[in-house]
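So you can see what is in the structure, the chains are spelled out below.
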Amino acid sequence: MFKRSNSFGAMRMLCWWGFGFVGLMFVKLVQGFEDSNVTNMLYYNNNRPLMVGLTLIYGAAAKGAVCLDGSLPGYHFHRGYGAGSNSWLIQLEGGGWCGNIRNCIYSKKTRHGSSAFMEKQIPFVGILSNKAEENPDFYNWNRIKIRYCDGASFTGDSQNERAGLYFRGQRIWLAAMEDLMSKGMRYAKQALLSGCSAGGLATILHCDEFREMFPRTTRVKCLSDAGLFLDAVDVSGHRSLRNFFGSVVALQGAQRNLPRTCTSRLNPILCFFPQHSIASVKAPLFLLNAAYDTWQIQASLAPPSADYHWNWYDCRKNYARCSGPQMQYLQGFRNQMLRVVRRFSRSRKNGLFINSCFAHCQSERQDTWFARDSPHIGNRGIAQSVGNWYFDRVQVQAIGCPYPCDKTCHNLVFN
């Protein structure tokens, strides 16, 4: 009995170590992907970008609104002017999630867990650009990028004292909104909440909450870029992302801050997936997503933990190296995405731009947001489509034809 118990205990410890190792690799994959896609792959059209400094929210600590390591949250703010002086664009930063203590301890020593590691200045490009020729509809608005340092898409509200971890995403969100309201956002005539990746997910989850912060006379809409994470089956037949999201929701106490229209009928873990709540969002919402989202290919559909024989190693890094059966599998993922948005797209207030590209976060990069050769569906690019929808110029429900017919894509390839 004693020998059997030791063996069982050793195996259990080995399993937990393996799970933690895979989880840590998942976090590093997420953060490495975000860094390479957003920080190192910006295109400026040979123009020097506007650099905007970091502002810490000094009143946040008293509200318990702190990053994973207990440091102050912050944002980058460039004032609008002229016709845009009473218009506000809030961009929620992405950067993955952390779902166990070990991963969160790792994250709190990075810019996604501590303001001590955040850049003091960042370039404002794409939807944040201050140049009319790069951002025709929003260039003169008040533009803010809220930094992401909680690891749960601004939804957590818990802590682990022993590990020195603070899961305070919901409080950070509220503290940032309160601070910006005091700086003039309360007088907004127009407001747009946007975000990319984990920030795109946060945009969906907080969209109606954002709408309620303003009077009915204010035009308020939301734009989610690369935030449509699907509850998909991976190449091993399991649901890697569901398991991971489940750990995030449980560890960070996010369930109480997820949309009640969803949690009243489904398990909170499922409500972290936008597919179960997008049709219930009351405020106008625009979904910008690549049908072959490269983050989801690498971390959800074919992560190393599910690719036992490394058959997907080349494909997940470079779409041109995918075999026929692998491409067919990815076409199935695209089909799932189109089924998910079917009900959502029936509402005329909502907008849609799903292009058949291998990409992730297309509003933050100048080359994909607005440039001479930026991606198009029909005769309209992303910036024009978002602007048409926001200002009610044209209804936008754009879905591109399946790969390989779209020749305007800026597809991502990884070394």
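Model, not experiment: these values are computed from the prediction. (Residues numbered from 1 in each chain as written. Predicted model: local features only at pLDDT ≥ 70, side-chain atom pairs only at ≥ 80, totals over all residues. Heavy atoms only, no water.)

Undergrad: What am I meant to see in the side chain of D137 here?
TA: Of note, D137 is situated in the loop between strand 4 (121-124) and strand 5 (142-146). At 3.0 Å, the side chain of D137 forms a polar contact with the side chain of R393. Beyond its immediate sequence surroundings of up to four residues, D137 is in contact with A383, G387, F391 and R393. (Helix = DSSP H or I, 4+ residues; strand = E, 2+ residues; numbered from the N terminus. Polar contact = N/O pair within 3.5 Å; in protein donor to acceptor, adjacent residues only side chain to side chain. Contact = heavy atoms within 4.5 Å.)

Undergrad: Looking at this structure, how should I read the packing of helix 3 (residues 169-182) against helix 4 (residues 198-211)?
TA: Packed helices, taken two at a time, are described by their axes: the angle between them and the distance between them. Relative to each other, helix 3 and helix 4 sit at 35 degrees, their axes nearing to 13 Å. Considering the relative orientation of helix 3 and helix 4, their crossing is right-handed. On the side of helix 3, the interface is formed by Q170, W173, L174 and M177, while helix 4 contributes H206, E209 and F210. When grouped by side-chain class, the residues that make up the contact of helix 3 with helix 4 number 4 nonpolar, 2 polar and 1 charged. (Axes fitted to C-alpha atoms, helices over the stretch in contact; angles between N-to-C directions. Left-handed = near helix turned anticlockwise from the far one by under 90°. Nonpolar A, V, L, I, M, F, W, Y, C, P; charged D, E, K, R; others polar.)

Undergrad: What is the right way to read the sheet that holds strand 3 (residues 87-92) from this model?
TA: Sheet strands line up and pair through hydrogen bonds in the backbone, either parallel or antiparallel. Pairing is mixed in the open sheet, where 10 strands are placed in the order 4-1-2-5-3-8-9-10-11-14. The open sheet has two edge strands with one neighbour each: strand 4 and strand 14 (397-399). Adjacent strand axes in the sheet meet at a mean angle of 20 degrees, parallel and antiparallel pairs treated alike. (Pairing = 2+ DSSP bridges.)

Undergrad: When you look at the pattern of salt bridges in this model, what are you seeing that I'm missing?
TA: Working definition: two side chains of opposite charge can pair if their charged atoms are close together. In the structure shown here, the tally under the stated rule is 16 salt bridges. E119 is the salt-bridge partner of R111, the closest N and O atoms lying 3.8 Å from each other. Using a relative accessible area of 13% as the deciding quantity, one classes R111 as buried. Residue classification places E119 among the partly exposed positions, given a relative accessible area of 26%. Residue D392 is joined to K221 by a salt bridge in which the shortest nitrogen-to-oxygen separation is 2.9 Å. In this pair, D392 sits in the loop between helix 12 (382-390) and strand 14 while K221 sits in strand 9 (residues 219-225), placing the two residues 171 residues apart along the sequence. Take K221: its relative accessible area is 5%, and that puts it in the buried class. (Salt bridge = Lys/Arg side-chain N within 4 Å of Asp/Glu carboxyl O. Buried < 20%, exposed > 50% of the residue type's maximum accessible area, 1.4 Å probe, protein only.)

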